[in-house]
Amino acid sequence: MGVLARDEKEFILIYSHNTQVGKHALGYLQGIKAKLNAIDISKTKISDTQWTEIAKSLECEVGDLVDKRKVENKDTSDFGNDDWLKILQHNDAVLSHPIAIKGARTKQIVNGPDVLQFFGVDSAGLEKTMHTESPTIKKTTEGEDYV
């Protein structure tokens, strides 16, 4: 059993509000009715053990979670796991992509809308009836003329 609480009925988004993709992913999820646990790492720290568990569930190294272009020291070739953990702990903006977790599944979100697909959320929030019902193509309001 890992240190991250995982539940099929809860959406977990680990993101940084200091990144565009993080803000977009959160924006897409804020309208859903399911339980959302949004963890902004600029305000709430993730433990080293949790980062290690996340990387393991993504089948990558902790260093792969970091956008190397945002690291001050450009030569990172000799960085180890502890170095990457320190970087993540002290600079939230280096998180390369937000991380979505639902139950046993974990995925890095490259584009904001991808988070909806991962969680299986209908992005429009509309019932899908176009294939079973004909669309309304007649005027439905009285006294209005549109040119």
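Definitions and cut-offs
- Residues numbered from 1 in each chain as written.
- Predicted model: local features only at pLDDT ≥ 70, side-chain atom pairs only at ≥ 80, totals over all residues.
- Heavy atoms only, no water.
- Helix = DSSP H or I, 4+ residues; strand = E, 2+ residues; numbered from the N terminus.
- Buried < 20%, exposed > 50% of the residue type's maximum accessible area, 1.4 Å probe, protein only.
- Contact = heavy atoms within 4.5 Å.
- Areas by Shrake-Rupley, 256 points an atom, 1.4 Å probe, with all protein chains shown as cover.
- Salt bridge = Lys/Arg side-chain N within 4 Å of Asp/Glu carboxyl O.

Here we look at the overall build of the chain
Argument step 1. Tallying secondary structure elements over the chain gives four helices and four strands in all.
Argument step 2. Within the span of the chain, comprising 147 residues, buried residues form 36% of the whole.
Argument step 3. Considering only intrachain contacts with a sequence separation of at least 6, the fraction spanning at least 24 residues in the chain is 62%.
Argument step 4. When the accessible surface of the chain is split by element, carbon and sulfur atoms take 49% of a total near 9900 Å².

Concerning the environment of Pro113
Argument step 1. Tracing the chain through its elements places Pro113 in the loop between strand E4 (105-108) and helix H4 (114-119).
Argument step 2. Given the relative accessible area of 41%, Pro113 is considered partly exposed.
Argument step 3. When the C-alpha positions of Pro113 and His24 are compared, they lie 7.7 Å apart, and in sequence the two are 89 residues distant.

Regarding unusual backbone geometry
Argument step 1. At Glu59, a position not held by glycine, the phi torsion is positive, near 55 degrees.
Argument step 2. Looking at where Glu59 falls in the secondary structure, it is placed in the loop between helix H2 (48-57) and helix H3 (81-90).

Considerations on the pattern of salt bridges
Think of it this way: side chains of opposite charge can pair up when their charged atoms draw near.
Argument step 1. Taken as a whole, this structure holds three salt bridges when the rule is applied.
Argument step 2. For Arg6, the salt bridge identified is with Glu53, shortest N-O distance 3.7 Å. In this pair, Arg6 is assigned in the segment before strand E1 (10-15) and Glu53 in helix H2, connecting sequence segments 47 residues apart.
Argument step 3. Here Arg6 falls in the partly exposed class, since its relative accessible area comes to 27%.
Argument step 4. With a shortest N-O distance of 3.8 Å, Asp40 and Lys43 are connected by a salt bridge.
Argument step 5. Note on Asp40: relative accessible area 6%, which makes it buried.

Focus on the environment of Ile12
Argument step 1. For Ile12, the position within the fold is in strand E1.
Argument step 2. In this structure Ile12 comes out as buried when scored by relative accessible area, which is 3%.
Argument step 3. A sequence separation of 88 residues divides Ile12 from Ala100, and the C-alpha atoms of the two residues are 5.7 Å apart.
Argument step 4. Look past the residues within four positions of Ile12 in its chain and what remains in contact with it is Ala5, Asn37, Ile39, Ile99, Ala100, Ile101 and Phe119.

Just distances and angles here, no functional claims.
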